[in-house]
Amino acid sequence: MTTHPQDFAQDIRLSDLWDDPYPIYRKLRRDAPVTFVPAVGRYLITRHEDVVFAEQHPDLFSSREKDSLILRVIGANMLREDDPEHRRIRAAAEPPARPRRIRTDWSPVFQRTADELVDSFAERGEADLFADFAGPFAATNLAHLLGLPQVRAEDMIRWSQHMMDGNSNYADDPDVWARATAASGAVDEAVEEAMSRVRDEPDGSVISSMLHADDPLTPQEIRNNVKVIIGGGINEPRDVLTAGLWALLSDPAQRADVEADPGLWRNVFEETVRWMSPIGMYPRQTTADLELSGTRIPAGSRVALVIGAANRDEDVFPEPDRFDIHRAQRNHLAFGGGPHYCMGTWVARHEVGEIAWPTLFRRLPGLALDPDRPVDVGGWVFRGLLTLPVRWQRP
Ligand code: HEM
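Summary of the structure given here.

Conventions and cut-offs
Residues numbered from 1 in each chain as written. Predicted model: local features only at pLDDT ≥ 70, side-chain atom pairs only at ≥ 80, totals over all residues. Heavy atoms only, no water. Salt bridge = Lys/Arg side-chain N within 4 Å of Asp/Glu carboxyl O. Buried < 20%, exposed > 50% of the residue type's maximum accessible area, 1.4 Å probe, protein only. Helix = DSSP H or I, 4+ residues; strand = E, 2+ residues; numbered from the N terminus. Core = buried A, V, L, I, M, F, W, Y, C linked by side-chain atoms within 4.5 Å. Expected span 1.5 Å × (residues − 1). Contact = heavy atoms within 4.5 Å. Pairing = 2+ DSSP bridges. Axes fitted to C-alpha atoms, helices over the stretch in contact; angles between N-to-C directions. Near = heavy atom within 4 Å. Polar contact = N/O pair within 3.5 Å; in protein donor to acceptor, adjacent residues only side chain to side chain. Nonpolar A, V, L, I, M, F, W, Y, C, P; charged D, E, K, R; others polar. Donors = N, O, S within 2.8 Å, 3.2 Å for Na, K, Ca; no water. Arc of directions from axis to C-beta. Parallel < 35°, antiparallel > 145°, perpendicular 65-115°, else oblique. Left-handed = near helix turned anticlockwise from the far one by under 90°.

What follows is about the pattern of salt bridges. Note that side chains of opposite charge can pair when their charged atoms are close. Following the criterion strictly, the structure yields 36 salt bridges and no others. Residue Asp16 pairs with Arg13 through a salt bridge whose shortest N-O separation is 3.2 Å. What makes Asp16 partly exposed here is its relative accessible area of 26%. Between Glu314 and Arg29 there is a salt bridge, with its nearest N and O atoms 2.7 Å apart. Of this pair, Glu314 sits in the loop between helix H16 (307-310) and helix H17 (345-363) while Arg29 is found in helix H3 (residues 22-31), placing the two residues 285 residues apart along the sequence. Relative accessible area serves as the criterion here: at 38%, Glu314 is assigned to the partly exposed category. You can call Arg29 buried: its relative accessible area is 5%. Several salt bridges share partner residues, and in doing so they unite Arg152, Glu154, Asp155 and Arg158 into one network.

Among the nonpolar cores identified, the biggest contains 108 residues, and Phe133, Met156 and Leu241 are the most heavily contacted of them. Val51, Tyr282, Leu305 and Ala310 belong to the second-largest nonpolar core, a separate cluster that totals 15 residues.

Of note, the amide linkage connecting Asp83 to Pro84 takes the cis form, showing an omega dihedral of 5°. Relative to the helices and strands, Pro84 resides in the loop between helix H5 (69-73) and helix H6 (85-93). Non-glycine residue Asp67 carries a positive phi angle of around 60°. Locating Asp67 in the fold gives a position in the loop between strand S3 (61-62) and H5. Look at Asp67 and you get exposed, because its relative accessible area is 70%. At Ser293, a residue that is not glycine, the phi angle is positive and equals roughly 45°.

Time to look at helix H9 (residues 153-167). With 15 residues, H9 ought to run about 21 Å at 1.5 Å a step, and its terminal C-alpha atoms sit 21 Å apart, in line with that. Residues of H9 that are buried include every one of Ala153, Asp155, Met156, Trp159, Ser160, His162, Met163, Met164, Gly166 and Asn167, and no others. Considering only its buried residues, H9 is in contact with H5, helix H8 (129-146), helix H10 (174-198), helix H12 (219-233) and helix H13 (235-249).

Take the sheet that holds strand S1 (residues 34-37) next. Strand order in the open sheet formed by five strands is S1-S2-S8-S5-S3, with mixed pairing between adjacent strands. Either end of the sheet is taken by a strand with one partner, and the two such strands are S1 and S3. Sheet topology places strand S5 (residues 282-286) next to strand S8 (residues 302-305); four bridges connect them, and they run antiparallel. In the strand pairing of S8, Pro283 is matched with Ala304. Helix-sheet contacts for helix H4 (residues 48-56) involve S1, strand S2 (42-45), S3, S5 and S8, and the interaxial angle to S8 is about 120°.

It is worth spelling out the site of the ligand at this point. Close contacts around the ligand come from 26 residues, with His86, Arg90, Arg284, His340 and Cys342 the closest. Arg90 is positioned such that a nitrogen or oxygen atom in its side chain is 2.7 Å from an oxygen atom of the ligand. Counting only elements with at least two residues in the shell around the ligand, the list comes to H6, H8, H12, H13 and S5. Classifying every residue of the shell around the ligand by side-chain character gives 17 nonpolar, six polar and three charged.

With that out of the way, let us pick up the coordination of the iron atom of the ligand. Metal coordination angles in their ideal form are 109.5 degrees for the four-donor tetrahedron and 90 or 180 degrees for the six-donor octahedron. If you check the protein contacts of the iron atom of the ligand, you find one donor only, Cys342 (SG), at 2.3 Å. Secondary-structure assignment places Cys342 in the loop between H16 and H17.

For H6, the set of buried residues is His86, Ile89, Arg90, Ala92 and Ala93. Buried residues of H6 fall within an arc of 160° about the axis and therefore sit on the same side. Packed against the buried residues of H6 are helix H11 (206-211) and H12.

Moving on, we come to the packing of H9 against H10. Across the interface, H9 lies against H10 with an axial gap of 8 Å and an inter-helix angle of 130°. With respect to H10, the axis of H9 lies oblique. Of the two possible hands of crossing, H9 and H10 adopt the one that is left-handed. Where H9 approaches H10, its residues Trp159, His162, Met163, Asp165 and Gly166 are matched on the opposing element by Val176, Trp177, Arg179, Ala180, Ala183, Ser184, Ala186, Val187 and Ala190. A breakdown of the residues in the contact of H9 with H10 according to their chemical character gives nine nonpolar, three polar and two charged.

Function cannot be read off these values alone, since they describe shape.
Have a look at this one:
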């Protein structure tokens, strides 16, 4: 007896998606590429061409999802707006994250962060690069970029986590709301301090850019959008950093290729975000009745653009489950593909691909996975390593 594709979708459990979503995605792409999954409460869109279609039609797939929990925690923000409101906020926030500014303003800051962190553990000969390096590295860099250099990495990480927990608090847990509210209040205070500093003396930070844009943002808009950037600018670079290291340290031949030709770090970055996309899916809401890959979706439906599945679509990427830095295809969707295309793309590419990985390989000779402590991996909305124990030769 064969299982009907719809029955398969009915039976998908969140715990299975968390453990390993890729076999489920493969089946969905083949048998039910657009289908309602009750456990998620959304239509999952899993084929590359369908995700591209949705991204190219923001008029049909709106980012302004009704009753989104993110609005309760953070308030209105660029991620959950459509154009033209979205474009106005993005134009004010984006200039410090453009490639030229990253090279001139931020590259030395990112390098200093990497070196100080490595200094703090190099003599140990072992570390968990998730907790000891990747998280604090991404958080410290983001604090500087935003214009909050006084904020400690551990506070950035805690605020980000507590706000994100609030954004997915479907169980309505009062403790989660309390922590999210406290985090949000702490960000407000830090932003207030930064705004008074840069009001008369603009600098190159995102907060300064928002305040002094041609069409400046209001203090409320600045606070809300700083929260979105904190929510999106720490975990994703952290996760690509650890996933790429894990993949490379598990594959001596590809590691040797990169060590012989540092120009390949770029490939490592693009292949890592394709292979284990740090954001596996993001939401949209339909504005009209429509049909996609043979499935009718009524107006007002909640849908998920599952880029973690689209980035392993065998019609676009041959042998999609293989980590292959020599892959020719580069049209992955790890940063999205429409008006909300990730604002931090060049920040992440630079801080991870050009600073973090080369610094770790240069400064930790003989870097290798710890054979006694295997890594943990999990997640599907956000997917990444939860630990990365490594060793190297002590100086
Ligand atoms: C490898 C690292 C990263 C990945 C894979 C990633 C992925 C994404 C994706 C998929 C979106 C689109 C979400 C949607 O349309 O709903 C997005 C949006 C966004 N990302 Fe990233 N991101 C990364 C790093 C960063 C960093 C470092 C920052 C901050 C400096 C950042 C800031 C943002 C912002 C502000 C948006 C919203 C843009 C808009 O609405 O126009 N991201 N990111």
